[in-house]
Amino acid sequence: MSLSAGRLNRRIQIETPTRAPNGSGGFTKGWSVPFNIWAEMIALRGDEAVQHNILNSTQLWRVTIRYRPNVSEECRAMYNGQPLNIRSCVDPDGQREQLVMTCESGVAT
């Protein structure tokens, strides 16, 4: 299945995890912004739940991008300033043309 440019109509950032020494022998986790890319984003399902008298809402997304070998579940995507945790990342046909990611927003990263 070929990936046409017209489908990629949203601009997202892919961030990779970084570790920096904290001066006490440990590390602080952070995120780097290595690249901005075009993506197709489709909202799949949203949920709301009340935990400890706090309303939490989550949204599941299917995000399709052009193939990149350095994108994995360890990374995260940013869309309009909102972090999206990458839950799965697959090359659906093995042709290295596209990556289809299942992402979740509204949860801790």
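In this report, we go over the structure that sits alongside the text.

With that settled, consider the nonpolar core. Ile12, Ile14, Val63, Ile65, Val71 and Met101 are the most contacted members of the largest nonpolar core, which has 19 residues in total. Where this core is concerned, the elements lending two or more residues are β1 (10-21), β2 (27-51), β3 (54-66), β4 (76-79), β5 (82-90) and β6 (98-105). If one sorts the elements of this core by residue count, β2 sits on top with four residues. When neighbours within four sequence positions are excluded, Met101 is seen to be in contact with Ile14, Trp61, Arg62, Val63, Ile65, Val71, Ile86, Ser88 and Cys89.

Our focus in this paragraph is the packing of aromatic side chains. Taken as a whole, this structure holds zero aromatic pairs when the rule is applied. Here the basic side chain of Arg19 rests over the ring of Phe27, its NZ or CZ set 3.9 Å away from the ring centre. In this arrangement the basic side chain of Arg68 is found over the ring face of Phe35, its NZ or CZ atom lying 4.2 Å from the centre.

Parameters and conventions
Residues numbered from 1 in each chain as written. Predicted model: local features only at pLDDT ≥ 70, side-chain atom pairs only at ≥ 80, totals over all residues. Heavy atoms only, no water. Core = buried A, V, L, I, M, F, W, Y, C linked by side-chain atoms within 4.5 Å. Buried < 20%, exposed > 50% of the residue type's maximum accessible area, 1.4 Å probe, protein only. Helix = DSSP H or I, 4+ residues; strand = E, 2+ residues; numbered from the N terminus. Contact = heavy atoms within 4.5 Å. Phe/Tyr/Trp six-rings, centres within 6.5 Å; stacked < 30°, edge-to-face > 60°. Lys NZ or Arg CZ within 6 Å of the ring centre and 35° of its normal.

Treat this as a map of the structure, not an account of what it does.
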